[in-house]
Amino acid sequence: MEVLTIRVGNDNFSYLIIEGNRASLVDPGVDPDEALVLIKKRDLKLDHVIATHHHDDHTHSIQDVVDRTGAFVIASEQCSSLMGGVDRIVKEGDLIRLGGLKIEVMETPGHTEGGICLIVGNTYLITGDTLFMGDCGRCDLPGGSLSEMFSSLQRLKQLDDRLVVFPGHDYGPEPYDTLKNQMRTSGVLLASSLSEFSRL
Ligand SMILES: [Fe+2]
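Residues numbered from 1 in each chain as written. Predicted model: local features only at pLDDT ≥ 70, side-chain atom pairs only at ≥ 80, totals over all residues.

Peer 1: Lay out the overall build of the chain in plain terms, naming residues and giving numbers.
Peer 2: Across its full length, the chain holds 8 helices and 14 strands. Relative to the globule expectation of 16 Å for 200 residues, the C-alpha radius of gyration of the chain, 16 Å, shows essentially globular dimensions. The 200 residues of the chain split such that 46% are buried. In the chain, the proportion of contacts linking residues at least 24 apart, taken out of those at least 6 apart, comes to 53%. (Helix = DSSP H or I, 4+ residues; strand = E, 2+ residues; numbered from the N terminus. Rg over C-alpha atoms; globule rule 2.2 N^0.38 Å. Buried ≥ 20, exposed ≤ 12 C-beta atoms within 10 Å, placed from the backbone. Contact = placed C-beta atoms within 7 Å.)

Right under this line is the structure:
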């Protein structure tokens, strides 16, 4: 298994998960060309496109990817109702299979209703706009909720801290880090109560 990071748009990260000759593309963003070139160059079959949430900077090119590859679109129910064109709806605990690889779905609302994180092969944690390096996604957009974000972050803290966090934006200082390091250093993960979290 391999996960390739592709920078798209201003500062979005898209992820190409590869298992054998099959691939899954997470959040292709505004421009899928680099991902599609990689897929072609490595002679991969794109099984699915997964949206962590419906925001346009993550999902804009999904239809283009589908038209060019025939990939299946996977998203949560709320995300599906907001953006349409979804072939498979996933919920908490569901497994997305890519060849022999398992990608587990976690529902992590807070930035948006229906936002999800993906645990890839017990190694990587793709967090969309739920968790960034040293920060979390904003909660003041439609469908956002500070208390749901706090709950989602508490659930991420229960995961295996050796997971490597792959965020949805390049908000630095590093593009990725272990969950363990982020739990030691990130204020949004160190906050122990909703009132403390809401003061950040
Ligand atoms: Fe977003």
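Peer 1: Explain the sheet that holds strand β1 (residues 2-8) to me, using residue names and the numbers behind them.
Peer 2: Read across the open sheet, the 6 strands follow the order β1-β2-β3-β4-β5-β6; overall the sheet is mixed. Of all the strands in the sheet, just β1 and β6 (88-90) have a single pairing partner and so form its edges. Taken over all neighbouring pairs, the strand axes of this sheet differ in orientation by 25° on average, direction set aside. Here strand β2 (residues 12-19) pairs with strand β3 (residues 22-26) via 5 bridges, running antiparallel. Pairing of Glu19 across the sheet is with Arg22, part of β3. (Pairing = 2+ DSSP bridges. Axes fitted to C-alpha atoms, helices over the stretch in contact; angles between N-to-C directions.)

Peer 1: Tell me about the sheet that holds strand β8 (residues 101-107), and please be specific about residues and values.
Peer 2: Strand order in the open sheet made by the 6 strands is β7-β8-β9-β10-β13-β14, with mixed pairing throughout. The outermost strands of the open sheet, each flanked by one partner alone, are β7 (95-98) and β14 (177-178). Sheet topology note: the β8/strand β9 (residues 116-120) ladder contains 5 bridges and is antiparallel. Note that in β9 the partner of Glu104 across the bridge is Ile119.

Peer 1: Summarise the pairing of β2; cite the residues concerned and give the values.
Peer 2: Within β2, 7 of the 8 residues are buried, which leaves the element mostly enclosed by the surrounding structure. Pairing analysis gives 7 bridges linking β1 to β2, with the strands arranged antiparallel. By the bridge assignment, Arg7 is partnered in β2 with Phe13. Between β1 and β2, which pair antiparallel one after the other, the connecting turn spans 3 residues, and Gly9 there sits at a positive phi close to 60°. Between β2 and β3, which pair antiparallel one after the other, the connecting turn spans 2 residues, and Gly20 there sits at a positive phi close to 60°.

Peer 1: Got a sec to walk through unusual backbone geometry? Specific residues and values, please.
Peer 2: The amide bond that connects Gly172 to the next residue, Pro173, takes the cis arrangement and shows omega of 5°. Turning to its location among the elements, Pro173 is positioned in the loop between β13 (164-167) and β14. One non-glycine residue with positive phi stands out, namely Asp43, at about 55°. Note on placement: Asp43 falls in the loop between α1 (33-41) and β4 (45-50). We classify Asp43 as exposed; it has 7 C-beta atoms within 10 Å. You will see that Asn122, though not glycine, has its phi angle at about 55°, which is positive.

The analysis is restricted to geometry; functional conclusions fall outside its scope.
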